[in-house]
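Structure assessment
Residue strings, one per chain:
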Amino acid sequence: MTSLYERSDGGTAAPVSVFGLGYAGWVSAVCLASRGHRVVGVDVDAEKVADLASGMAHFGEPLLPEMAASVVDSGRLTATTDARSAVAFTEISLICVGTRSGTDGEPLIADLKAVTDEVGWGLAAKDGWHVVVYRSTMTPGTCEKRLVPRLEAASGKRAGIDFGVCVNPDFLRDGTGVRDFMEPSKTVVGQSDTRSGDSVMELYRGLPGPHLRVPVAVAEMAKYVDNAYHALKVGFANEIGAICAAVDLDSHAVMDVFLADTTLNVSAAYLRPGFAFGGSCLPKDVRALTHTARHNDVDTPLLANLLESNETHLRRAVDMVIARGRPNVGIFGLFAKPGAGDLCDNPMVELADRLIGKGFDVKIYEPSASVSRALDADMAYLRRRMPHISDVLTDDIDAVLVHGEVLIAGSRSGEVVKAVDRAKADQLIIDLIRLPDADRRRGTAGYAGIGW
């Protein structure tokens, strides 16, 4: 076992091997070495190894050439094509091999599997604990189902007992990778065991941003969620820009107004999975905006499909009830917001109506005061959508609890939460709002969350 080195912040710096000397591997290797770690870069490409060993950075990255030259000159950064020796003389191996897309979008992990085998063979010849850390972008389940078995087969050892495994996605952007590494917005470690998680988190000790320990598959998913949302934002902004240009507006002035709202627009608001959106504003205004685009011959496929996406999510809830095969359904909560008479485009009303249309015997609980306000506001709409409303709506929460073989949680009110807690073992709960004890219920036979 190689010795530990002292870091400038007083911590201990474990020797690290970095497999894959593409952009992410280069930046990770150089930045870790600059933080005081002894780093060995590893690649099958002898030219990349020679470049790293000489400190010759080919990437157009500010600070990287100077940092690389410094850590190579100090002896903290070396490179090799010998994977097994790299494992033997380090304590942590970061795997930064790229994953390309196949013709159908599936990530191609042949290179990742090859490196995994090499690391596994290195583990077979090594005594002592070693942590294998995947920084490569891969879909949830890849590590635990496809890579850990290869590590165990190649090493003849068992993950969690003889060696550790973590997933540590990188959030490095081309051109700002050094800054992103040294000043991260977050650090995510999917740990298979606490000891391994401790070792990986120690690599980033003292760096800013939240340090998040999560299950391995959550860490795998995190990178995809980030990039999908970034792509969504670009697409959204560009479609808004196209509409603005068509109606002779400065899109940047419009987006300045949008970005000024950090309570709802640029925030965590509306970003928790739940049921379909509805109410008096969102569906109506999306329709109006897409109509404006069509009227001006502007193609906006992202905006045009928002309502279809919402409809798909509503159907998902209907299908969840149908799949249970139980005829009696109890719904807790008709309105998305307590005390609000939001019947127009109400997804709960639509859900109930569709279930009744498919032959389910539905009862809906909603406090009488809320119903009274809603009926006064829009009785005509409710009668048109659900002419049988008087037969299914009640303010007797126990009646709904007793009636439902399937119970749909559509409200976070305290009385609804207490009622669901009194459900019997043979009653099935479909959770549209994420009940307070959803973490405990997940994976149990009598519970299903719509998006968790």
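Structural data are supplied above this passage.
A brief report on the enclosed structure follows. (Residues numbered from 1 in each chain as written. Predicted model: local features only at pLDDT ≥ 70, side-chain atom pairs only at ≥ 80, totals over all residues. Heavy atoms only, no water.)

What follows deals with the pattern of salt bridges. Under the defined criterion, the tally for this structure stands at 17 salt bridges. Among the ionic pairs, Lys-186 bridges to Asp-226, the shortest N-O distance being 2.9 Å. Here Lys-186 is found in the loop between helix 7 (177–182) and strand 11 (187–191), whereas its partner Asp-226 is found in helix 9 (residues 216–246), with 40 residues between them in sequence. With a relative accessible area of 23%, Lys-186 lands in the partly exposed category. A relative accessible area of 17% means that Asp-226 is categorised as buried. Where Arg-441 meets Asp-437, a salt bridge forms, and the shortest distance between an N and an O atom there is 2.9 Å. The exposure class assigned to Arg-441 is buried, which follows from its relative accessible area of 10%. Residue Asp-437 is classed as buried on the basis of its relative accessible area, which comes to 18%. (Salt bridge = Lys/Arg side-chain N within 4 Å of Asp/Glu carboxyl O. Helix = DSSP H or I, 4+ residues; strand = E, 2+ residues; numbered from the N terminus. Buried < 20%, exposed > 50% of the residue type's maximum accessible area, 1.4 Å probe, protein only.)

The next subject is the pairing of strand 4 (residues 39–42). Neither face of strand 4 is open: one carries Val-39 and Gly-41, the other Val-40 and Val-42, and all of them are buried. Bridging between strand 3 (residues 16–19) and strand 4 involves 4 bridges; their strand directions are parallel. Within strand 4, the residue paired with Val-16 across the bridge is Val-39. Crossover handedness for the path strand 3 to helix 1 (residues 23–34) to strand 4: right-handed. Where strand 4 and strand 5 (residues 77–80) come together, 4 bridges link them in parallel fashion. Of the residues in strand 5, the one forming a bridge with Gly-41 is Ala-79. (Pairing = 2+ DSSP bridges. Right-handed = clockwise from strand over helix to strand, strands pointing away.)

On their own, these measurements won't tell you what the molecule is for.
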